[in-house]
Amino acid sequence: MLNIIKKSIMSALEEMIAEGFFTDLTEAPEPLLSQPRTRGFGDLSTNICMKLGRSQRKNPGDIALVLSKKLSDCEVLEKSEVAAPGFVNLFIKKSCWAALLKEILNKGDEYGRLTLGEHKKVQVEFVSANPTGPLHIGHGRGAAVGDAISSILAWAGYDVTKEFYINDMGRQIEVLGRSVYLRACELQGKTIQMPEDSYHGEYIKDVAREFISEKGSAFMDMREAEAVDIFKEYASETLLRGIRKDLEAFHVEFDVWFSEKSLYEKDLVKKAMDELKKRGFIYEEEGAVWFKSTAFGDDKDRVLIKADGARTYFASDIAYHGDKLDRGFTQIINVWGADHHGYEARVRAFIEAMGREKDALKVVFIQLVALLREGEPVAMGKRSGEFVTLRQVMEEVGSDAARFFFLTRKSDAHLDFDLELAKKQTPENPVFYVQYCFARIQSIFEFAKEKGFTAPEKFEAPDLECLNLDEEIEIIKHLANFESVIEKSAVGLEPHRVTFYLMELAGLFHPYYNKNRVVTEDRGLTEARLLLLKGAGTVTAIGLKLLGISAPEKM
RNA sequence: GCGCCUGUAGCUCAGUCGGAUAGAGCAACUGCCUUCUAAGCAGUGGGCCGGGGGUUCGAAUCCCUCCAGGCGCACCA
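Residues numbered from 1 in each chain as written. Chains lettered and ligands numbered in written order. Predicted model: local features only at pLDDT ≥ 70, side-chain atom pairs only at ≥ 80, totals over all residues. Heavy atoms only, no water.

Peer 1: Now, about the overall build of chain A: what can you tell me, with residues and values included?
Peer 2: The helix and strand tally for chain A stands at 20 helices and 15 strands. Taken along the three principal axes of its C-alpha coordinates, chain A extends 90 × 65 × 40 Å. When each of the 555 residues of chain A is scored for burial, the buried share is 52%. Per element, the accessible surface of chain A, about 26,600 Å² overall, is 49% carbon and sulfur. Within chain A, one finds 74 positive and 88 negative side-chain charges whose respective centroids are separated by 1 Å. (Helix = DSSP H or I, 4+ residues; strand = E, 2+ residues; numbered from the N terminus. Buried < 20%, exposed > 50% of the residue type's maximum accessible area, 1.4 Å probe, protein only. Areas by Shrake-Rupley, 256 points an atom, 1.4 Å probe, with all protein chains shown as cover. Lys, Arg positive; Asp, Glu negative; His and termini not counted. Charge placed at Lys NZ, Arg CZ, Asp CG, Glu CD.)

Take a look at the structure:
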């Protein structure tokens, strides 16, 4: 329908051009249609005349008058009006809404699915937490956002792979192994001194305890270095298992768990560096090997191999991203914590050095979550030992509420998560408002069934024309917007648009429900309203599913 | 010092490729359950959109500048 109107406007403008109305316009521009806030301004409105007024040096009002007159024969329009200083307000024929609802219902559970992505292979990497401790609330935000982005992209027609990158080697793992080892020694009655840079969390002791009950105390007789090797393997595997479990409870599933270690096992680090060398972006200086990332706008060149011969973390990173490219992804999306934003330029430099377009890589930054308890900041950080895990949050407020909460903010906005507040809010949490919309609709269906009514499988658009209340048309209009919300959300990688869309839909439904009875003596009207509810319920369920939130039949 | 993000109602946040009277939730106050779920609805109050300048028919939105907060600026991971 939007397209019909756009075309009408454009052909009207073409006519005006042919009639010599404009002095130096050769082609009609595509008009922008927007929904006015107030109903008096029509169902849709365009500002095209003001735009043209400027470029053509004509009075916008004059253009609008002519345009409006020419639109009078558009078949979907009731009328069009001109408003100062040059808006054209469009009023759509009531019968069109019925046709629109029919279209939506015909698509059913597939409504909102787009072909936008053209099956292009997209990889979304998110969470990628070090297996050195349980997931905390910041990871939860990344998980919720990354998962929702993936679902939305898939719904928009992309071929999506969800991936978790495991930093299962390097210094942090070394520190982890030593920390657990020392705690294990302590459990065996030895007095120990935890170095400054150890992990101090309580969970370290748990892992140590587990290790002993599983593997015994033979490690006490080993040399420290030897024992630490065993411990770091054991600890990182144990903690990774915990991470997987937490994500499972949070309803996040990954397609690929990619191990950093495997990059070395498959010699991919060397491969990536050789490739860079071949392309002339590698040089040696002061005993280190550098990547000339400044050639692509990075602030400084980056070291890949240190003077002591060790590879940097960034060396793993380019190998990993090289592998992403080799696997045929045309679009790479990294969901990173905002504290990583310094890495964007260098990774992008690598992508460009490999001959790809700059925007083959998109990075979504997740601002850190400030965790509060009754307004007081809670200290975070694995080292300090005191932190609130994602699991604790899920247990306190539930997975649905936590996910919804994360997805009601755009990801680059700071987020205060007050645990006490989140708990207190639970009964009035907006997530329930949306879920309630779905549950209520299901319950009305139950009731209708008892009374002998169902939403008919077969119907024609005119059967729906009795849905002529303002509230009903508003709901249909909103349902019709769903596709464009998916599109914007997919293009901008902004899942929060879907969240707000669902709150708005629920905000239209609940008052409608309260004011009007669905099931009445009037069979035609009852069935039409059941169909309207079917549309609203279906869209709510689809939206919630994209966000990874359940749609309960009963509440 | 440089770079990125943020500043909108008492609180938490939407709205930002310029549009008409700036929105939602929470909190506060007043009403509504013999009728499809009251996790709901109806209503009230609440705003120099951080400050100042500029661009124009029109600015929360674009440009400049200043202020405040967060995060980055390693041969660390």
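Right, picking up where we left off after that structure.
Peer 1: Kindly report on the protein's contact with RNA strand B, identifying the contributing residues and their values.
Peer 2: As a structural note, the neighbourhood of RNA strand B is formed by 61 residues, with Lys306, Tyr343, Arg409, Tyr436 and Ser443 the closest of them. In RNA strand B, atoms within 4 Å of the protein come 61% from sugar and phosphate. Within the side chain of histidine 341, an N or O atom sits 2.5 Å from a base nitrogen of RNA strand B. At 3.3 Å from a base oxygen of RNA strand B is found a main-chain nitrogen or oxygen belonging to valine 519. Of all the secondary-structure elements, those providing two or more residues to the surface near RNA strand B are helix H2 (48–56), strand S4 (87–92), helix H6 (171–187), strand S9 (288–291), strand S15 (415–418), helix H16 (430–450) and helix H19 (496–515). When residues of the surface near RNA strand B are assigned to their parent elements, the largest contribution, eight residues, is made by H16. Looking at the surface near RNA strand B, its residues break down into 28 nonpolar, 17 polar and 16 charged. (Near = heavy atom within 4 Å. Polar contact = N/O pair within 3.5 Å; in protein donor to acceptor, adjacent residues only side chain to side chain. Nonpolar A, V, L, I, M, F, W, Y, C, P; charged D, E, K, R; others polar.)

Peer 1: Tell me about helix H12 (residues 344–353), and please be specific about residues and values.
Peer 2: Judged by how many residues are buried, H12 sits mostly within the fold: eight of 10 residues are covered. For H12, the elements touching its buried residues are helix H10 (268–278), S9, strand S10 (302–305), helix H11 (313–326), strand S11 (331–337) and strand S12 (361–366). (Contact = heavy atoms within 4.5 Å.)

Peer 1: Help me get a handle on the pattern of salt bridges, residues and values and all.
Peer 2: Opposite charge on two side chains permits pairing when their charged atoms draw close. A complete count under the given rule lists 34 salt bridges for this structure. Of the charged contacts, one joins arginine 209 and aspartate 206 as a salt bridge, the two residues approaching to 3.2 Å between their closest N and O atoms. Taken as a pair, arginine 209 and aspartate 206 lie in helix H7 (residues 202–215) at a separation of three residues, close to a single helical turn. Arginine 209 sits in the partly exposed class, given a relative accessible area of 44%. (Salt bridge = Lys/Arg side-chain N within 4 Å of Asp/Glu carboxyl O.)

Peer 1: Describe in detail the sheet that holds strand S3 (residues 77–83), supporting the description with residues and values.
Peer 2: The strands making up a sheet associate through backbone hydrogen bonding, with each pair oriented either parallel or antiparallel. Pairing is antiparallel across the open sheet formed by four strands, whose spatial order is S1-S2-S4-S3. Bordering the open sheet on either side are strand S1 (33–34) and S3, each of which pairs with just one other strand. Pairing of S1 with strand S2 (residues 44–46), which is carried by two bridges, proceeds in the antiparallel orientation. The partner of serine 34 across the bridge, within S2, is serine 45. Against the sheet, helix H3 (residues 60–70) makes contact with S3 and S4, and its axis sits at roughly 170° relative to S3, the strand it touches most. (Pairing = 2+ DSSP bridges. Axes fitted to C-alpha atoms, helices over the stretch in contact; angles between N-to-C directions.)

Peer 1: An account of the layout of surface pockets is requested, with residue identities and associated values reported.
Peer 2: Space inside the largest pocket adds up to approximately 1,500 Å³. Forming the walls of the largest pocket are 47 residues, and the residues nearest its centre are Ser128, Asn130, Asn167, Tyr313 and His340. Looking at the lining of the largest pocket, the elements that each hand over two or more residues are helix H5 (137–155), H6, helix H9 (260–265), S10, H11 and S11. Ranked by residue count, the leading element in the lining of the largest pocket is H11, at six residues. Of the residues assigned to the lining of the largest pocket, the class counts are 19 nonpolar, 17 polar and 11 charged. (1 Å grid on protein atoms, 1.4 Å probe; cavity = no way out; pocket = protein on both sides within 12 Å on 5 of 7 lines; lining within 4 Å. Points joined across faces, edges and corners; volume = space filled by probe spheres on them.)

Peer 1: Go over the environment of alanine 28 with me, naming the residues and quoting the values.
Peer 2: Mapped onto the fold, alanine 28 is located in the loop between helix H1 (2–18) and S1. Between the C-alpha atoms of alanine 28 and methionine 10, which are 18 residues apart in sequence, the distance is 5.6 Å. If we ignore the near neighbours within four places in the chain, the residues touching alanine 28 are Met10, Leu13, Glu14 and Ile17.

Peer 1: Any chance you could break down the packing of H10 against H11 for me, citing the residues and the numbers?
Peer 2: Here H10 crosses H11 at 85°, and the two axes come no closer than 8 Å. Classified by the angle their axes make, H10 and H11 are roughly perpendicular. Residues Leu268, Val269, Lys271, Ala272, Met273 and Leu276 of H10 touch H11, and the partners they reach there are Ala315, Ile318, Ala319, Asp323 and Asp326. Its residues assigned to classes, the contact of H10 with H11 comprises eight nonpolar, no polar and three charged. (Parallel < 35°, antiparallel > 145°, perpendicular 65-115°, else oblique.)

Peer 1: Outline the side chain of histidine 496, listing residues and values.
Peer 2: Within the secondary structure, histidine 496 sits in helix H19. When residues no more than four places from it in sequence are discounted, the contact partners of histidine 496 are Leu407, Thr408, Arg409 and Lys410.

Peer 1: Requested: an account of the nonpolar core, with residues and values cited.
Peer 2: Counting 122 residues, the largest nonpolar core has Leu67, Leu153 and Phe417 as its most contacted members. Ranked by residues supplied to this core, first place goes to helix H20 (residues 523–547) with 11 residues. The contacts of phenylalanine 417, once residues within four sequence positions are left out, are Ile137, Val369, Ala370, Leu371, Leu372, Val393, Phe405, Phe406 and Ala422. Counting 33 residues, the second largest nonpolar core, distinct from the first, contains Leu268, Phe281, Val289 and Phe365. (Core = buried A, V, L, I, M, F, W, Y, C linked by side-chain atoms within 4.5 Å.)

Peer 1: Could you give me a rundown of the packing of H19 against H20, with the residues and numbers involved?
Peer 2: Relative orientation of the contacting elements H19 and H20 amounts to 155°, with a least axis distance of 10 Å. With respect to each other, H19 and H20 are oriented roughly antiparallel. Note on packing geometry: the crossing formed by H19 with H20 is left-handed. Contacts from Val498, Thr499, Tyr501, Leu502, Leu505, Phe509 and Tyr512 in H19 reach Arg529, Leu532, Leu533, Ala536, Val539, Thr540, Gly543, Leu544 and Leu547 in H20. Looking at the contact of H19 with H20 residue by residue, the class counts come to 12 nonpolar, three polar and one charged. (Left-handed = near helix turned anticlockwise from the far one by under 90°.)

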